[in-house]
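Residues per chain are reported as follows:
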Amino acid sequence: MEVLKTKEKKVPRMSNKFLTFCLLCAVPAVYAQSTVSVYGVVDTGFGVMKGKGQQTSVQAVSGGNAASRWGLTGKEELGNGNYVKFILEQGIKVNNGAPQTAGVLFDRDSLLIVGGKWGELGFGRSGSLMGTTGYFGQFPKMGANPMASNFLDAALIGSLVNSGMLNNSVTYQVKPTNSVTLTAQYSNGISSDEDTWSKNNHYYGLSAQYKQADFSVGTVFTVIDYRKAGANNGADSEPTYNLFLTAYKMFGQFRLNLGYQHVWNSRNLSGGPNAFYAKDLGFGNAAKVKESRKGFRSDSFVIGGSYPVGGGKLFGAFKWNMGKWQGESMKTDADRDGDRWVASLKYLYPLSKRTSLYAVGSYARGTGMFKNAESKATRLTTAFGVCHNF
């Protein structure tokens, strides 16, 4: 130890080297138990689109390959293999800087998760099991979309019905073996749970996946129980039941995807920005139509694959939806049945581990009741851009 001399007294002082050593030893003790990370995707480019009967449009797009987003995640070890973590994730529109969902800060995930060897238990706002969004969305976990793209008709919800976002949710996920993942999910009020239990819309979901290095098979089953009138359902509308089956298999470098969905009493066909409601398909916009006890019956089929080409990867898919409206109609002679198919291609070329160029295009054609919304049902959609992960 050095001695600092003063006029009044001698004060002992530790050497700079010894003090630095003590601080370095203390830092791991303070921070080893918790971590916080920032992550996200910035995806932007331009799109060329043409619906039947409409002029061709060229516009900036955000999320042509993957949804643009940013998020915060943190984890603290509690000991004995237990931990707590959080996920806060927001969708963004890169072309104008606006949030993906107006009025919601963390629209894609707002979760607190407690976990351990026994599984994970999550609370908060979450993507549903029947969807792509968020930590618990099962479509990407099961590798269900052969296009690996969320751009309009190229997305699975270009043909399939999803269950959207869930407020007030509780999700339990466990891996009883390295190959099996089981998940159960419940929402006490999909939008809000401020009313009594009997007057809130409830969601229930189950999923199971078996996965090996070159093979995966999974299933998702969800129920939406309507107790409160909404924009496209009545307080006594029959529940929506949604069953999805998916599998993929690797044959060398070629990956084959298969999928099937059956939906009972859906309030829409397809999902997200691609959704078709009864009012869109010629059945009228009156309350008795929107609040029909019965909804759409739907069957959808998916086949596709991917293969390395020219330093990048080529993706292709064909989706076919057959729908039938079983509810009320303002037109007695309305066509209640319709088919819609979508053919898609994508090429993804990596510039680095985090940045890729892409080109994606889809052509869709609707018949029967889809002719009432033919500019949307029959259309060409393309996007060209850059996707960066951080």
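Residues numbered from 1 in each chain as written. Predicted model: local features only at pLDDT ≥ 70, side-chain atom pairs only at ≥ 80, totals over all residues. Heavy atoms only, no water.

1. What about the overall build of the chain?
Stage number 1. The helix and strand inventory of the chain stands at four helices and 19 strands.
Stage number 2. Across its three principal directions, the C-alpha atoms of the chain cover 105 × 55 × 45 Å.
Stage number 3. A buried classification covers 42% of the 390 residues belonging to the chain.
Stage number 4. In the chain, of all internal contacts separated by at least 6 residues, the share reaching a separation of at least 24 is 59%.
Stage number 5. When the accessible surface of the chain is summed, it comes to about 19,500 Å², and 59% of that surface belongs to carbon and sulfur atoms.
Stage number 6. Distance between charge centres in the chain, computed from 43 positive and 26 negative side chains, equals 8 Å. (Helix = DSSP H or I, 4+ residues; strand = E, 2+ residues; numbered from the N terminus. Buried < 20%, exposed > 50% of the residue type's maximum accessible area, 1.4 Å probe, protein only. Contact = heavy atoms within 4.5 Å. Areas by Shrake-Rupley, 256 points an atom, 1.4 Å probe, with all protein chains shown as cover. Lys, Arg positive; Asp, Glu negative; His and termini not counted. Charge placed at Lys NZ, Arg CZ, Asp CG, Glu CD.)

2. Describing the packing of aromatic side chains
Stage number 1. For the structure shown, the criterion picks out 14 aromatic pairs.
Stage number 2. Ring-pair connections join several aromatic residues into one group, and the members of that group are F221, Y241 and W264.
Stage number 3. Looking at K249, its charged tip hangs above the ring of F251, at a distance of 5.8 Å from the centre.
Stage number 4. Directly above the aromatic system of F276 lies the positively charged group of K376, at a separation of 5.0 Å from the ring centroid. (Phe/Tyr/Trp six-rings, centres within 6.5 Å; stacked < 30°, edge-to-face > 60°. Lys NZ or Arg CZ within 6 Å of the ring centre and 35° of its normal.)

3. Let's talk about the nonpolar core
Stage number 1. Core analysis: the largest hydrophobic core is formed by 21 residues, its most contacted members being F139, L156, L160, Y203, V220 and F244.
Stage number 2. Going through the elements one at a time, β7 (109–116) and β12 (215–225) are the ones with two or more residues in this core.
Stage number 3. M49, L152, Y358 and A383 belong to the second largest nonpolar core, which has 15 residues in total. (Core = buried A, V, L, I, M, F, W, Y, C linked by side-chain atoms within 4.5 Å.)

4. As for the pairing of strand β4 (residues 57–62)
Stage number 1. As defined by bridge partners, strand β3 (residues 34–51) adjoins β4 across six bridges and the pair is classed as antiparallel. For V48, the partnering residue across the bridge sits in β4 and is V58.
Stage number 2. Linking β3 to β4, which pair antiparallel, is a turn of five residues; within it G53 sits at a positive phi near 80°. (Pairing = 2+ DSSP bridges.)

5. Some details on unusual backbone geometry
Stage number 1. In this model, L152 sits at a positive phi of 45°, which is unusual for a non-glycine residue.
Stage number 2. Within the secondary structure, L152 sits in the loop between α2 (138–141) and β9 (165–177).

6. Points about empty space enclosed by the protein
Stage number 1. All chains considered together, the criterion is met by one cavity of 30 Å³ or more.
Stage number 2. When its volume is computed, the largest cavity comes out at roughly 60 Å³.
Stage number 3. As for the largest cavity, its lining consists of N232, R267, Y277, A278, K279, G284, V289, K290 and W325.
Stage number 4. Split into classes, the residues belonging to the lining of the largest cavity amount to four nonpolar, two polar and three charged. (1 Å grid on protein atoms, 1.4 Å probe; cavity = no way out; pocket = protein on both sides within 12 Å on 5 of 7 lines; lining within 4 Å. Points joined across faces, edges and corners; volume = space filled by probe spheres on them. Nonpolar A, V, L, I, M, F, W, Y, C, P; charged D, E, K, R; others polar.)

7. Description of the side chain of T381
Stage number 1. By the element assignment, T381 lies in strand β19 (residues 379–389).
Stage number 2. Apart from the residues within four sequence positions on either side, T381 is in contact with V48, M49, F151, L152, D153, V360, G361 and S362.

8. Some thoughts on the confidence of the model for the chain
Stage number 1. Residues of the chain with pLDDT of at least 70 account for 92%, and the chain-wide mean is 92.
Stage number 2. Here residues 1–32 is a poorly scored stretch, pLDDT under 50, and it has 11 contacts once near neighbours within four places are set aside; other chains count. (pLDDT = per-residue confidence, 0-100.)

9. A short note on a nonpolar patch on the surface
Stage number 1. A cluster of nonpolar side chains, namely F251, F254, Y307, V309, L314 and L345, defines an oily patch on the protein surface of about 540 Å² accessible area.
Stage number 2. Mapped onto the elements, L314 comes out in strand β16 (residues 312–325).
Stage number 3. Under the relative-accessibility criterion, L314 is labelled partly exposed at 37%. (Patch = residues over 30% accessible without salt bridge, like charges linked within 9 Å, V, L, I, M, F, W, Y side chains within 5 Å. Salt bridge = Lys/Arg side-chain N within 4 Å of Asp/Glu carboxyl O.)

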